[in-house]
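One letter stands for each residue in the lines below.
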Amino acid sequence: MRILLTGATGQVGSALYRPLSAVGNVLSVDRHVLDLSRPDTIAIVLDRLRPDLIVNPAAYTAVDLAEDERDIAFRVNGEAPGTMARWAAAHDVPLVHFSTDYLFDGSGNVPWLEESQPAPLSVYGASKFAGEQAIRDANGRHLIVRTSWVYAAQGRNFLRTIARLALQQRELRVVTDQRGAPTSARIIADAVVRILQQELAGDLFQDRGGAINLTASGVTSWYGFAIAIIDGMKQRGASLAVENVRPIATSDYPTKAVRPLNSRLDQRRLRELFKIQMPFWQEALEVELNTHFWVSRSETH
Ligand SMILES: NC(=O)c1ccc[n+]([C@@H]2O[C@H](COP(=O)([O-])OP(=O)(O)OC[C@H]3O[C@@H](n4cnc5c(N)ncnc54)[C@H](OP(=O)(O)O)[C@@H]3O)[C@@H](O)[C@H]2O)c1
């Protein structure tokens, strides 16, 4: 099986590469091969590469910048997945796509279900919703993996930002009224590969397709996540500058894009359909902290 994997340089794309190789031959492509900001070129590239399965974690993920770059965000996150999905449907090729908790308006405190009504607060969220709709409209076999608060020991993410700041600053201020599940790219990749392995026995996503929530188990705030990162670094002998972490409200930390307060995604469908119980966010964090990623960073910077 030839698997086309996009977003080779991203958190989820790079985490997927190795586990996906257990499922088939992975053709990992970056924007130089497949540029999602040019949806008109996608079918030509897919005709040439002829994948049997497409896995598409590539996305425009600069949430605040998207407020000023609406056109490109919609091209990459909305139009490009639609073009990919139409090509996939026409060639009966299954598509795995990734989506986000930012589809929702963050109201209430009950976890969002797959069938909950999206009402994005940001351009990024709206562009991801457009991508989901375009994939559904294409009517091919697909799985849309909705995840949240993604991090890894590499890349640009909250884990690495907090680690860097904790090494440099005495005080940090971190938002405490947004609730969700920090989810490592590693556990996303592992779960997606487990799903694919189950589905390979039959027609991929013929019966168990559509959207699926897939995040770490448990819930916390960005503040709770920051405290866990800092504690974990201390336990591993990091010599930190930080002495005080102050919980603040979202309203005390204005950003260009509005984020949902309630980002929780209900995991029942994942458990019932695929019998997958995701690790708790604390366990997944331990795995990334065990890489001591900050050591090489402080040596080289
Ligand atoms: N990050 C999160 O907290 C989060 C939360 C929920 C859902 N998600 C979703 O999960 C998926 C994976 O996210 P991630 O965190 O792995 O993202 P990421 O680390 O920001 O990686 C994004 C990837 O997309 C590629 N890309 C961007 N523009 C492109 C273009 N025009 N053509 C081709 N490739 C392009 C990037 O390539 P370059 O390196 O060349 O820019 C990079 O490889 C995305 O669908 C995202 O929307 C993410």
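Every value quoted in this text rests on a predicted model; they were computed, and no experiment measured them.

> Hey, could you go over the overall build of the chain for me, with residue numbers and the actual values?
Across its full length, the chain carries ten helices and twelve strands. On C-alpha atoms alone, the chain measures out to a radius of gyration of 19 Å, which is about the 19 Å that the 2.2 N^0.38 rule sets for 301 residues. Across the 301 residues that make up the chain, the buried fraction comes to 52%. In the chain, the share of contacts with a sequence separation of at least 24, taken over all contacts with a separation of at least 6, comes to 80%. About 13600 Å² of surface is accessible on the chain, with carbon and sulfur atoms providing 47% of the total. Distance between charge centres in the chain, computed from 33 positive and 33 negative side chains, equals 3 Å.

> Residue-level account of the site of the ligand, with values.
As a matter of local geometry, the ligand sits amid 25 residues, with Thr 9, Arg 31, Thr 61, Tyr 124 and Lys 128 nearest to it. Interatomic distance of 2.9 Å between a backbone N/O atom of Leu 36 and a nitrogen atom of the ligand. Separating a nitrogen atom of the ligand from a backbone N or O atom of Ser 37 is a distance of 3.3 Å. Relative to its unbound accessible surface of 910 Å², the ligand loses 82% to contact with the protein. Elements represented by at least two residues in the shell around the ligand include exactly helix H1 (11–20), strand S4 (95–100) and helix H4 (123–138). Among the elements that make up the shell around the ligand, the one with the highest residue count is S4 (three residues). Residues of the shell around the ligand, tallied by class, amount to eleven nonpolar, ten polar and four charged.

> For the sheet that holds strand S5 (residues 142–147), give the residues involved together with the corresponding values.
By way of backbone hydrogen bonds, the strands of a sheet pair with one another, either parallel or antiparallel. Pairing is parallel across the open sheet formed by six strands, whose spatial order is S2-S1-S3-S4-S5-S10. The strands lining the two open edges of the sheet, one partner per strand, are strand S2 (25–28) and strand S10 (210–213). Going across the sheet, the axis of each strand differs from the next one's by a mean of 25°, ignoring polarity. Of the strand pairs in this sheet, strand S1 (residues 2–5) and strand S3 (residues 53–56) are connected by three bridges, and their pairing is parallel. Its bridge partner being in S3, Leu 4 is matched across the sheet by Ile 54. The strands touched by H1 are S1, S2, S3 and S4; relative to S1, the strand with the most contacts, the crossing angle is about 165°. Sitting on the sheet, helix H6 (residues 185–199) is in contact with S3, S4 and S5, with an inclination near 145° to S4.

> Give a description of the pattern of salt bridges that names residues and reports values.
Going through the model one piece at a time under the given rule, you end up with twelve salt bridges. Note that Asp 47 and Arg 50 form a salt bridge whose closest N and O atoms lie 4.0 Å from each other. What makes Asp 47 partly exposed here is its relative accessible area of 39%. Its salt-bridge partner being Glu 132, residue Arg 146 comes within 2.8 Å of it at the nearest N-O pair.

> Give a description of the packing of helix H2 (residues 42–49) against helix H3 (residues 70–90) that names residues and reports values.
Across the interface, H2 lies against H3 with an axial gap of 9 Å and an inter-helix angle of 40°. By the criterion of interaxial angle, the relationship of H2 to H3 is oblique. Seen along the crossing, H2 lies across H3 with a hand that is right-handed. Residues Ile 42, Ala 43, Leu 46 and Asp 47 of H2 lie in contact with H3, whose contacting residues are Ala 80, Thr 83, Met 84 and Trp 87. Here the residues of the contact of H2 with H3 sort into six nonpolar, one polar and one charged.

> With reference to specific residues and values, describe helix H5 (residues 158–168).
Every buried residue belonging to H5 is among Leu 159, Arg 160, Ile 162, Ala 163, Leu 165 and Ala 166, and all of these are buried. The backbone nitrogen of Leu 159 lies 3.2 Å from a side-chain oxygen of the residue at the head of H5, namely Asn 157.

> Please give an account of the environment of Leu 5 that cites residues and values.
Structurally, the position occupied by Leu 5 is in strand S1. Separated by 24 residues in sequence, Leu 5 and Val 29 have C-alpha atoms that sit 6.1 Å apart. Ignoring any residue separated from it by four or fewer positions in sequence, one finds Leu 5 in contact with Gly 13, Leu 16, Tyr 17, Leu 20, Val 26, Leu 27, Ser 28, Val 29, Val 55 and Pro 57.

> Lay out the packing of H3 against H4 in plain terms, naming residues and giving numbers.
Angle between the axes and distance between the axes are the two parameters that describe a pair of packed helices. Contact pair H3 / H4: the axes reach a minimum separation of 8 Å and the direction vectors enclose 15°. The angle between H3 and H4 places the two elements in the roughly parallel class. Crossing hand, H3 versus H4: right-handed. For the pair formed by H3 and H4, the contact residues are Arg 70, Ala 73, Phe 74, Asn 77, Gly 78, Pro 81, Gly 82, Ala 85, Arg 86 and Ala 89 on the first element and Val 123, Tyr 124, Ala 126, Ser 127, Lys 128, Ala 130, Gly 131, Ala 134, Ile 135 and Ala 138 on the second. Considered class by class, the residues forming the contact of H3 with H4 number twelve nonpolar, five polar and three charged.

So, how was this worked out
- Residues numbered from 1 in each chain as written.
- Predicted model: local features only at pLDDT ≥ 70, side-chain atom pairs only at ≥ 80, totals over all residues.
- Heavy atoms only, no water.
- Helix = DSSP H or I, 4+ residues; strand = E, 2+ residues; numbered from the N terminus.
- Rg over C-alpha atoms; globule rule 2.2 N^0.38 Å.
- Buried < 20%, exposed > 50% of the residue type's maximum accessible area, 1.4 Å probe, protein only.
- Contact = heavy atoms within 4.5 Å.
- Areas by Shrake-Rupley, 256 points an atom, 1.4 Å probe, with all protein chains shown as cover.
- Lys, Arg positive; Asp, Glu negative; His and termini not counted.
- Charge placed at Lys NZ, Arg CZ, Asp CG, Glu CD.
- Near = heavy atom within 4 Å.
- Polar contact = N/O pair within 3.5 Å; in protein donor to acceptor, adjacent residues only side chain to side chain.
- Nonpolar A, V, L, I, M, F, W, Y, C, P; charged D, E, K, R; others polar.
- Pairing = 2+ DSSP bridges.
- Axes fitted to C-alpha atoms, helices over the stretch in contact; angles between N-to-C directions.
- Salt bridge = Lys/Arg side-chain N within 4 Å of Asp/Glu carboxyl O.
- Parallel < 35°, antiparallel > 145°, perpendicular 65-115°, else oblique.
- Left-handed = near helix turned anticlockwise from the far one by under 90°.

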